[in-house]
Each structure stands twice: as structure tokens, then as C-alpha cells.
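Observations on chain architecture
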Amino acid sequence: MAQMNNGVASSVTRKQPLWLLAEITYRCPLHCAFCYNPTDYDKHTKNELSTEEWIRALREARKMGAIQLGISGGEPLLRDDIEEIVAEAHKLGYYSNLITSGVGLTEKRIQAFKEGGLDHIQLSMHDITEEINNFITNTKTFELKKKVAAMIKDHGYPMVLNVVIHRYNIGHVDKILEMAEALGADYVELANTQYYGWSLVNRSQLMPTREQLAEAERMTNAFRERVGNKMKVFFVVPDYFADRPKKCMNGWGEVFMIVTANGDVLPCHSARALPGLTFPNVREHGLEWAWNESPAFNKYRGMDWLKEPCRSCDEKEKDLGGCRCQSYLLSGDAEAADPVCTKSPHRHLIDEAIKDSENPLLREQPIIFRNDKNSKKYVEGDKE
Ligand code: FES
């Protein structure tokens with residue numbers, strides 16, 4: 001049905017948000033080199049929403065139809081009101097998922113989550129070696145993560161591990177999967193790095209080669225064949241090595257709504273990097289207005305805004321032109337076709353990035369961490 005967007009007739013059919021992602025704090029004890037959070041995250045670490053403000057946002061989103069709740073960060077466990085927020089989410093009927101590095105998860109807290117009705121915990125793991133774990137996160141968290149994995153299992157949660165894959169751990173995919181199996185994982189997501197935020201800064205250093213990627217996929221398939229249905233393994237292919245872009249967030253303003261630590265309402269994680277958009281904030285606007293009426297949410301909804309070559313492309317419904325943030329970050333034009341697409345006039349930017357990642361001079365540059373005072377190079381065998 002045609003609807004009116006700020007007085008402009010449009011063929012966009014508005015959907016309700018199904019997912020609410022609460023990026024509850026940008027504070028984090030880890031400093032991962034591949035973090036997708038904004039590089040100017042410290043601008044957004046102050047003025048975090050209060051417990052009451054979060055609960056109000058949860059209620060509003062639930063009323064609009066959101067049913068899946070992700071609680072992430074930063075590290076959400078740095079806030080001491082997650083128990084209260086989880087319990088409220090349960091009462092409201094959300095399926096809730098805590099997305100955590102494990103730092104700050106204690107017996108007492110996990111017990112409270114269980115009692116409060118938290119449905120799911122997703123734990124990030126980084127490698128089978130202490131060196132790479134500590135290097136890539138710029139912390140000493142290797143042993144802690146294994147303890148937390150056991151704690152999650154002991155409390156009867158399905159064990160869901162998320163492993164971001166990059167040049168430093170891609171050769172260990174078979175061993176990472178064996179470690180996950182030994183820990184009793186039910187689901188493992190091997191998420192190849194997507195290049196936003198800090199990972200874009202470190203792209204040449206993090207990006208694997210095409211051969212490494214093919215080998216990692218082969219190892220994943222061999223593991224899947226061996227374990228069958230005992231463990232589900234998702235291998236998320238990096239879009240730089242694909243011919244067509246991803247339908248980012250399943251479409252701008254289609255199913256995902258993100259509320260950030262300071263209350264900004266976004267259609268995707270990186271949207272604040274886009275020029276000329278003012279995002280609503282829950283302290284000034286209701287979520288209903290943000291989703292349905294705000295100019296920012298309507299800007300790239302549907303297909304009316306598409307430019308060539310997407311406008312006349314017979315595949316446009318599959319990807320809606322790809323990712324707006326990736327287009328802007330790489331080409332400087334937020335409305336351009338995602339450069340990943342081989343039909344994009346900017347595809348050369350992706351091919352050049354792949355080439356750069358093979359250039360030893362660029363690849364060996366020190367990595368810049370979230371705390372950029374700590375840029376460093378990986379030295380094999382270094383446990384620091
Ligand atoms: Fe913003 Fe893809 S991350 S549209």
C-alpha cells in the first residue's frame with residue numbers, strides 16, 4: 001500500500017521492526033582491532049541512557065512489534081542494570097540475547113539472568129592460541145573466555161560462539177571449530193570481518209587472501225561433514241570477495257532498529273558516519289516516530305531513492321543496492337551502488353583494497369586498536 005513519508009507519496013510499504021538492538025554502552029574492556037563501533041566512539045560514551053529510559057524504549061519497541069532483543073555494546077556487562085533490563089524484557093515477551101565478551105560475567109550475574117528470563121548468551125571467542133587472542137583484543141582474556149563458556153553451558157544455555165575471522169586466525173579455523181566442539185558449543189558463527197569502524201582502519205592488515213578464505217571454507221565444510229547436526233556452523237562470507245553486495249540489515253528501516261548508548265535511533269551500526277542525516281534520539285522522540293516518520297529512517301527505505309546502475313538493475317530487489325555505509329565510506333557517495341557489486345563503477349576500490357592486503361608493506365603496518373595509543377605489530381610467540 002502506498003504511504004506518505006513526510007508528505008511525499010511513496011511506494012514503500014512500511015514494515016514493523018522485528019529486531020531491537022540495544023547498544024547499551026560503548027565502554028569496553030577489550031580493544032579489538034576489528035571492532036565495528038565508530039572510531040569516534042568516545043563522543044558517545046557519555047550521557048548513557050538510564051535504566052528507566054531503556055525500559056521505556058523496550059516497551060515502545062515491543063508495542064511496535066519488535067520481538068527479538070539483542071543487548072550489546074561495547075561490553076554490556078559493564079553496566080550493573082542488565083539484570084533489571086533483562087527481567088523487564090522477559091516480562092514484555094522479548095526473546096533476549098546478551099552479546100558479550102564474557103568479561104564481567106560471574107556466577108551471581110548469570111544466575112540472576114537465568115531467573116530474570118534471559119534466553120540466550122552469545123560469547124565472542126578469538127582464537128585457539130593465547131597469543132592471537134591477546135594480541136587482537138589487546139587484553140589478556142584467553143583463559144577467562146573458556147571459563148565463561150563453561151559457565152554458560154552449566155547454566156543450561158545453548159552455547160553460541162561468535163568468532164570474527166581475519167588474517168591472524170583464518171588458518172586456525174579447523175582448530176577453532178574443534179575447540180568449540182570440546183566446549184560443547186551448539187552454534188558457531190565464523191564471521192569474516194566486515195570493514196567498518198576500526199576494522200576499516202586496519203583493513204590491509206586484517207584481510208585474508210582469497211586462498212586463505214577458500215581453505216577456511218573447505219575446513220568448515222569438512223568439519224560440518226564430520227559432526228553433522230551436533231553443532232551448527234555458520235560461515236559468513238566476506239562481501240569484498242563476492243560479486244554482489246549484501247542486503248544490509250535486511251534493508252534500511254525494514255526489520256532492524258538500533259538504539260545506541262546515548263539514545264540515538266539508527267537503522268544500522270554505522271549510520272552516524274553518513275553525511276546529512278540527523279538521527280532521532282529517544283530522549284526527544286518516541287520510537288514510533290523515529291521508525292515511521294523520521295526523515296533519516298525514510299531516506300534509504302525501499303527502492304525509490306536508487307540511482308543507476310541499481311535503478312534499472314534486475315537484481316535490485318535482492319540487495320536494495322547493498323550497504324549505504326560501505327558505499328559512503330569507500331566511494332564518498334552514500335547513494336552509489338555498493339562498490340562490492342561488479343556492476344558498480346566503484347568496484348575497482350574493492351579490488352584495490354584486496355591488492356593492498358597482499359602488499360607486505362601495508363600488511364605489516366602496526367594495527368591501530370580502539371585505544372590508538374596502543375598501535376602494535378604482531379610478533380609470533382608474543383603473549384602480551
Ligand atoms: Fe549502514 Fe550497511 S552498515 S547500511
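Conventions used here
Residues numbered from 1 in each chain as written. Predicted model: local features only at pLDDT ≥ 70, side-chain atom pairs only at ≥ 80, totals over all residues. Heavy atoms only, no water. Pairing = 2+ DSSP bridges. Helix = DSSP H or I, 4+ residues; strand = E, 2+ residues; numbered from the N terminus. Contact = heavy atoms within 4.5 Å. Buried < 20%, exposed > 50% of the residue type's maximum accessible area, 1.4 Å probe, protein only. Axes fitted to C-alpha atoms, helices over the stretch in contact; angles between N-to-C directions. Parallel < 35°, antiparallel > 145°, perpendicular 65-115°, else oblique. Left-handed = near helix turned anticlockwise from the far one by under 90°. Nonpolar A, V, L, I, M, F, W, Y, C, P; charged D, E, K, R; others polar.

Digging into the sheet that holds strand β3 (residues 19–23)
In spatial order, the strands read β9-β8-β7-β6-β5-β4-β3-β10-β11; together these 9 strands make up an open sheet with mixed pairing. The strands lining the two open edges of the sheet, one partner per strand, are β9 (232–236) and β11 (265–266). Strand direction decides the pairing type here: strand β8 (residues 187–192) and β9, joined by 5 bridges, are parallel. In the sheet register, Val188 faces β9, and the bridge partner there is Val233.

Notes on the environment of Arg109
Along the chain, Arg109 turns up in helix α3 (residues 107–116). For Arg109, the contacting residues outside a window of four places in its chain are Leu77, Arg79, Asp80, Ile82, Glu83 and Gly104.

Comments concerning unusual backbone geometry
The omega torsion across Gly73 and Gly74 is 15°, close enough to zero to call that bond cis. Here Gly74 shows up in the loop between β4 (68–72) and α2 (82–92). One non-glycine residue, Asn138, lies in the positive phi region at around 60°. Residue placement: Asn138 occurs in the loop between α4 (130–137) and α5 (142–154). One non-glycine residue, Leu320, lies in the positive phi region at around 50°. Along the chain, Leu320 turns up in the loop between α12 (316–319) and α13 (324–331).

Describing the side chain of Thr209
Mapped onto the secondary structure, Thr209 falls in the loop between α8 (203–206) and α9 (210–227). By relative accessible area, which is 17% here, Thr209 ends up buried. Excluding its chain neighbours within four sequence positions, the residues that come into contact with Thr209 are Phe241 and Glu358.

Considerations on the packing of α2 against α3
At their nearest, the axes of α2 and α3 sit 8 Å apart, and the two run at 15° to each other. Taken together, α2 and α3 sit at an angle that is classed as roughly parallel. Note on packing geometry: the crossing formed by α2 with α3 is right-handed. On α3, the residues touching Ile82, Glu83, Val86, Ala87 and His90 of α2 are Arg109, Ala112, Phe113 and Gly116. Looking at the contact of α2 with α3 residue by residue, the classes come out as 5 nonpolar, 2 polar and 2 charged.

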